[in-house]
Amino acid sequence: MGDSAAVSPSPEPSTGLSVNAPAIQWYPGHIAKAERALRAALAKVDLVIEVRDARIPLATGHPRLQRWIGSRQHLLVLNRVDMIPAPLRAEWTDWFRARGQALLWCDAKAGTGVKQLQQAAIRSGEALNARRLSRGMRPRSVRALMLGFPNVGKSALINRLVRQKVVESARRAGVTRSLRWVRLGQDLDLLDAPGVLPPRLDDQLAALRLALCDDIGQAAYDSEAVAVAFIALLSALEALPAAGVTAGLLERRYGIALGALSSGAPDAEVWLAEAAERHTSGDTLRMATKLLDDFRCSRLGAIALELPPLPSPLPLPAAP
Ligand SMILES: Nc1nc2c(ncn2[C@@H]2O[C@H](COP(=O)(O)OP(=O)(O)OP(=O)(O)O)[C@@H](O)[C@H]2O)c(=O)[nH]1
Ligand SMILES: [Mg+2]
């Protein structure tokens, strides 16, 4: 099953999830180059439209984001809203609001929320032009950069905003390779940019989530190892009903029950082998690919891989 090293499954402090994730790193040359081009383009930008994946709003948050935003205006879009259970929206909205961050929810595939995004960007432009006028400068259109991890739907959002396919958008990481300005009416100029990633993925459970959501090039990981970790993650998510993973999901879909090891952990490798016998003539790699594809195309239903972190426990009162 490849030589990916496993990291220790210490429970994730925010969710309590404990999953053995394969080692995943991905920082290809084109992303490093994209980041340099992006830094140069930032000087021309008034507004950063940050796009994250609603299935993993924390794992798709970039550690350099605040530096890139600087004094520019910022809108945060959680895209792929159609891919998470509906009640979870309010939970994330509250969680981000408590941290002073408003959210816009979009489904770039169906076009939901795109009008609100356009209006919010135009409002930013009005604020910008009020400032320009007060300094005796002529008003101009607002220049907005679409910023986010690969495959979160930045180009799909641009195509929806301008109501035609002006930029390439497809189901894999690293589709957009260069910066491209797109004009939307008189008020808005949008800059489509390649997806960016941190040079090092320190949190390997977050890296697993990025791989599962296709935000990382497939050459960077072993699909069987990622599928095995996914099976374990699904099993752990059953304990968190808001995630949308109902008990027995894998058995209902593939006809194979998920057994347990003597430690109580799910026996994901045996499940994969048995499912491969039934569905892919014993080919475990093909079964792993099918399982990942079924998740990525929502055939397993709306599933969130992250939930708003639990509040940290209050410190115990000091002993008298
Ligand atoms: N179901 C669903 N699919 C979406 C949504 N947004 C985008 N997609 C699909 O996701 C895939 C990736 O979209 P892109 O627009 O290419 O993503 P990107 O962020 O520009 O990716 P890079 O250019 O690689 O950085 C496409 O197949 C889109 O149709 C959404 O809200 N819901
Ligand atoms: Mg793109």
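Residues numbered from 1 in each chain as written. Chains lettered and ligands numbered in written order. Predicted model: local features only at pLDDT ≥ 70, side-chain atom pairs only at ≥ 80, totals over all residues. Heavy atoms only, no water.

Caption draft 1: Geometry of the overall build of the chain. Within the chain one finds 10 helices and six strands. Its C-alpha atoms give the chain a radius of gyration of 21 Å, near enough to 20 Å, the size a compact globule of 320 residues would have. Taking the principal axes of the C-alpha coordinates as reference, the chain spans close to 75 × 65 × 35 Å. Per-residue burial for the chain yields a buried fraction of 51% across its 320 residues. Taking all contacts inside the chain whose residues are at least 6 apart in sequence as the whole, residues at least 24 apart take part in 69%. With the model as given, the accessible surface of the chain reaches about 15300 Å², and the carbon-plus-sulfur share is 53%. Put simply, the chain has 40 plus and 31 minus side-chain charges, and the middle of one group is 12 Å from the middle of the other. (Helix = DSSP H or I, 4+ residues; strand = E, 2+ residues; numbered from the N terminus. Rg over C-alpha atoms; globule rule 2.2 N^0.38 Å. Buried < 20%, exposed > 50% of the residue type's maximum accessible area, 1.4 Å probe, protein only. Contact = heavy atoms within 4.5 Å. Areas by Shrake-Rupley, 256 points an atom, 1.4 Å probe, with all protein chains shown as cover. Lys, Arg positive; Asp, Glu negative; His and termini not counted. Charge placed at Lys NZ, Arg CZ, Asp CG, Glu CD.)

Caption draft 2: Spatial organisation of the environment of Gly217. With respect to the helices and strands, the residue Gly217 is situated in the loop between α6 (204-212) and α7 (223-237). Judged by relative accessible area, which is 12%, Gly217 ranks as buried. With 191 residues separating them along the chain, Gly217 and Trp26 place their C-alpha atoms 7.3 Å apart. In this structure Gly217 touches Trp26 and Ala173, once residues within four positions along its chain are discounted.

Caption draft 3: Structural detail: the domain arrangement of the chain. Domain annotation for the chain reports domain 1 (29-192) and domain 2 (222-296). Taking only C-alpha atoms, the centre of domain 1 and the centre of domain 2 are 34 Å apart. Taken together, the contact pairs six residues of domain 1 with six residues of domain 2. With both chains or domains summed, domain 1 and domain 2 bury close to 420 Å², and 50% of this area falls on carbon and sulfur atoms. In this structure, Asp293 engages Arg171 in a salt bridge whose closest nitrogen and oxygen atoms are separated by 2.8 Å. Remark: the boundary between domain 1 and domain 2 carries one residue pair in polar contact (both at pLDDT 80 or more). Classifying every residue of the side of domain 1 that touches domain 2 by side-chain character gives three nonpolar, no polar and three charged. (Domains from an automatic or database assignment. Buried area = accessible area lost by both parts, 1.4 Å probe. Salt bridge = Lys/Arg side-chain N within 4 Å of Asp/Glu carboxyl O. Polar contact = N/O pair within 3.5 Å; in protein donor to acceptor, adjacent residues only side chain to side chain. Nonpolar A, V, L, I, M, F, W, Y, C, P; charged D, E, K, R; others polar.)

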